[in-house]
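As a plain string of letters, each chain reads:
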Amino acid sequence: MLDFALTADGRPTYSLTCDGKDAILPSTLGFELVKAEPLLAGFRIDGVENAEEDETWQPVWGENSEIRNHYNELLVHLSQPATERKMDIRFRVYDDGAGFRYEFPIQDKLVYFVVKEERSQFAMPGDCLAWWIAGDYDTQEYEYTESRLSEIRHLIAGAVDSNLSQTVFSPTGVQTSIQLKADNGLYINLHEAALVDYSCMHLNLDDQNMVFESWLTPDAQGNKGHLQCPVKSPWRAIIVSDDARDMLASNLILNLNDPCAYDDVSWIKPVKYVGVWWEMIGGGKQWSYTFDLPSVKLDQLDYSKTKPHGQHSANTENVKRYIDFAAEHGFDQVLVEGWNIGWEDWSGNEKDYVFDFLTPYPDFDLPGLNAYAHSKGVRLMMHHETSASVRNYERHMEQAYQLMDKYGYNSVKSGYVGNIIPRGEHHYGQYMVNHYLYAVTEAAKHHIMVNGHEAVRPTGLCRTYPNLIGNESARGTEYESFVGNTPGHTTVLPFTRLQGGPMDYTPGIFEMDMTKVNPNRTSGHVNSTLARQLALYVTMYSPLQMAADIPDHYEQFMDAFQFIKDVPVDWQESRYLEAEPGRYITVARKDKNGEGWYVGCTAAEQGHESALALDFLDPNRQYVATVYSDAADAHYYDNPQAYKIQKGLVDNKTKLALKAAPGGGYAISIVPVADQAEAKALKKLKLK
Ligand code: NOJ
Ligand code: CA
């Protein structure tokens, strides 16, 4: 239940309860403006409007083929008599939480305004447990810390590790989405929805009173937003339930976004891909072509006079090897990074004209490789690393998309490593928020799908712009190669980062010892069992899934690789069976284009035991289940490749006792029995 009131001095306040328990205690709302009176107090209510919505809509891709959007709405018209300015607040209350946003109608006394700070409060019911990352204007590539709110101040220094661009702003600043658990048993999640033409919201904690307040990302001048009426803020979203599984099943963020903006979506397709990538990330191979040109301007590069270093992965022969592998195993696309000139001097120098996104390296046969891929039913995936030189990217964007059209690319992975140019802007400021969406809507004109790395974390905009098929915007698998992720990381991400939209987490690593990937390395370990890497295809929902390891490693474990080949990337229905942030997640999903179900479980350091009832299966069918699980002695560090595969018949009465090792997990494919012969050949599944 949501309550709205004005305080005695005319401050808008709201509070939220869930089944009688406090979720948000009375919290004030408003703005401070630059060179104008604040919009914080002295309001009166001019009127209220109530509405109800109950509709079902179909996402282009998703965890479910149908989503119910059911809410009660309260629109409060406020005015500030002393300044004759108006401000509306629209609330929507759902079974699983609430959202609110500010709306400024056209008016005489407020036309253009500059935000000094949005002052939306979220007063928490006590010193909650929280899964948080440090507030930062430029990166989300951090591990989550689990602590009480009161401990954030003491833990924040250790919660930040170095990144190519970072701007931490407060000892108690955190990012959204943040997952909380109150002592009254409620799980509470704070995020935003539909972040458009506004700066990204962080939260700053008053840790005496346990009150979060919005803290927007500034522009180069330190202002927090330039707005012109009529204008609306993004939604401030609060997901609440006493059951952690409901946090993951919630569609609140998507529901708060606008319906699809495109008439024709037939060109938007989920993608399973491999890529020329991990060998550079961890294997010592290079994006660049030569070591001779470390600081030459892009338009003066002459590769014909240089000596190739021989480590360039995006060469025609190697890319063909990946295309063959993709075609043989049924992948849709092959990502190729390092195909274009400029990688000799791409990061760290804040170079403006860093790439042209058009010119291939001399050893990358752009037309020939695309033709070769298409002849095998595979496409190449484009890569646009911008080095955060956004002016340069926008200068080239149209030509770059035209090049993609010419050769038949329909998806691009983009990246924003480093400090933003224009200088002083931040990854999460209004300027960049507008850029990311511009890249997506311009891409749509070319029927191109976008997967942005280092971009602002998603806020459900994929409902409106479904060619935004992925984002990184969190700490992904690349960190397993750099310094390792904690085994619990992927048991937090679905509660936090994934609330806003899918993540290009790039799972599927089979060789955990990085010294085997690159003999020149002396250390490096992927903190996961192999079975857990399979489970990630189910637990980390995304319509864009990579099999990130190199073909040689998959070829050593073809029986396990079968799960990656089989697992769908689009779903009819999803059921969260077990969940606790930072501990374990178990989910079952039904193929959107078939009758098969796929189950994934990932566990943190403690491991996990599940008693699974397969009662979600069709009672009129018999199924073949293939269980890929950790062997008894598996362990994410000491014995990560110990897995077992068991197969047998199951039905909707079957109950399975399964165990995930420390940092482990399991994956199950459950497909209807093809025919009587298959049913006869198999026994009822009995797990050992
Ligand atoms: C960082 C991205 O996350 C990674 O996937 C990519 O390979 C590098 N940037 C280079 O663009
Ligand atoms: Ca990254």
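Right above here is the structure, for reference.
First, a word on scope: everything that follows refers to the structure included in this document. (Residues numbered from 1 in each chain as written. Chains lettered and ligands numbered in written order. Predicted model: local features only at pLDDT ≥ 70, side-chain atom pairs only at ≥ 80, totals over all residues. Heavy atoms only, no water.)

A few points about the layout of surface pockets
Thought 1: Space inside the largest pocket adds up to approximately 520 Å³.
Thought 2: Lining of the largest pocket is provided by 35 residues; of these, Glu141, Val417, Glu454, Glu478 and Phe482 occupy positions nearest its centre.
Thought 3: Counting only elements with at least two residues in the lining of the largest pocket, the list comes to helix 4 (278–281), strand 23 (379–385), strand 24 (411–415) and helix 9 (478–482).
Thought 4: Sorting elements by how many residues they give to the lining of the largest pocket places helix 9 first, with three residues.
Thought 5: By residue class, the composition of the lining of the largest pocket is 15 nonpolar, 11 polar and nine charged.
Thought 6: Its volume calculated, the second largest pocket comes out at about 400 Å³.
Thought 7: Lining the second largest pocket are 19 residues; nearest its centre among them are Arg68, Asp95, Asp96, Ala249 and Asn251.
Thought 8: Secondary-structure elements contributing two or more residues to the lining of the second largest pocket are strand 6 (67–80), strand 20 (235–241) and helix 2 (244–249).
Thought 9: Residues that form the lining of the second largest pocket fall into these classes: five nonpolar, seven polar and seven charged. (1 Å grid on protein atoms, 1.4 Å probe; cavity = no way out; pocket = protein on both sides within 12 Å on 5 of 7 lines; lining within 4 Å. Points joined across faces, edges and corners; volume = space filled by probe spheres on them. Helix = DSSP H or I, 4+ residues; strand = E, 2+ residues; numbered from the N terminus. Nonpolar A, V, L, I, M, F, W, Y, C, P; charged D, E, K, R; others polar.)

Considering the environment of Asn318
Thought 1: By the element assignment, Asn318 lies in helix 5 (residues 316–329).
Thought 2: On the basis of relative accessibility, which here comes to 19%, the residue Asn318 falls in the buried class.
Thought 3: When the C-alpha positions of Asn318 and Val276 are compared, they lie 8.3 Å apart, and in sequence the two are 42 residues distant.
Thought 4: Among residues more than four places away in sequence, those in contact with Asn318 are Val276, Glu279 and Ser313.
Thought 5: A polar contact of 3.3 Å, which involves the side chain of Asn318, links it to the side chain of Glu279. (Buried < 20%, exposed > 50% of the residue type's maximum accessible area, 1.4 Å probe, protein only. Contact = heavy atoms within 4.5 Å. Polar contact = N/O pair within 3.5 Å; in protein donor to acceptor, adjacent residues only side chain to side chain.)

Let's talk about empty space enclosed by the protein
Once rolled over the atoms, a probe with the size of a water molecule shows which space is left empty.
Thought 1: Inspection of every chain in the model, using the stated rule, returns four cavities of 30 Å³ or more.
Thought 2: Taken as a whole, the largest cavity spans an internal volume of roughly 360 Å³.
Thought 3: Along the wall of the largest cavity there are 27 residues; nearest its centre are Glu63, Asn251, Leu254, Leu498 and Tyr541.
Thought 4: Counting only elements with at least two residues in the lining of the largest cavity, the list comes to helix 2 and helix 3 (252–256).
Thought 5: By volume, the second largest cavity is sized at about 50 Å³.
Thought 6: What lines the second largest cavity is simply Glu480, Asn485, Thr486, Pro487, His489, Thr490, Tyr505, Ser528, Arg532, Gln533 and Leu536.
Thought 7: Looking at the lining of the second largest cavity element by element, the count peaks at three residues for helix 11 (residues 530–539).

Focus: the nonpolar core
Thought 1: Phe122, Leu190 and Phe212 are the most contacted members of the largest nonpolar core, which has 179 residues in total.
Thought 2: Setting aside residues no more than four positions away along its own chain, Phe212 makes contact with Ser120, Gln121, Phe122, Met124, Leu149, Val174, Ile178, Leu180, Leu190, Leu203, Asn204 and Leu205. (Core = buried A, V, L, I, M, F, W, Y, C linked by side-chain atoms within 4.5 Å.)

Quick word on the side chain of Ser199
Thought 1: For Ser199, the position within the fold is in the loop between strand 15 (187–193) and strand 16 (201–206).
Thought 2: By relative accessible area, which is 1% here, Ser199 ends up buried.
Thought 3: Of the polar contacts made by the side chain of Ser199, one reaches the backbone oxygen of Thr217; its length is 2.9 Å.
Thought 4: Residues within four places of Ser199 in sequence aside, it is in contact with Leu216, Thr217, Lys224, Tyr428, Gly429 and Gln430.

Examining the coordination of the calcium ion (ligand 2)
Thought 1: Coordination sphere of the calcium ion (ligand 2), protein contribution only: Glu141 (OE), Glu454 (OE), Glu472 (OE), Glu472 (OE) and Glu478 (OE), at 2.3 to 2.6 Å.
Thought 2: Classification of the site at the calcium ion (ligand 2) as irregular follows from its six donor atoms and the range of 52 to 161 degrees in their angles at the metal.
Thought 3: Read N to C, the donor residues that coordinate the calcium ion (ligand 2) are spaced as E-x312-E-x17-E-x5-E. Neither residue differs from the other here; Glu472 and Glu478 are each classed as buried. (Donors = N, O, S within 2.8 Å, 3.2 Å for Na, K, Ca; no water. Tetrahedral: all angles 85-135°; square planar, octahedral: opposite > 155°, others 65-115°.)

Some details on the site of ligand 1
Thought 1: Around ligand 1 lies a shell of 14 residues, among which Trp277, Glu337, Glu385, Lys413 and His453 are the nearest.
Thought 2: Side-chain polar atom of Glu385 to an oxygen atom of ligand 1: 2.6 Å apart, as the coordinates give it.
Thought 3: At 2.8 Å from an oxygen atom of ligand 1 is found a side-chain nitrogen or oxygen belonging to His453.
Thought 4: Look at ligand 1: alone it shows 290 Å² of surface, and the protein chains cover 95% of it.
Thought 5: Here ligand 1 occupies the largest pocket.
Thought 6: Here the residues of the shell around ligand 1 are counted per class, giving six nonpolar, two polar and six charged. (Near = heavy atom within 4 Å. Areas by Shrake-Rupley, 256 points an atom, 1.4 Å probe, with all protein chains shown as cover. Sits in = over half its atoms within 2 Å of the grid points.)

All we've got here are geometric facts, nothing functional implied.
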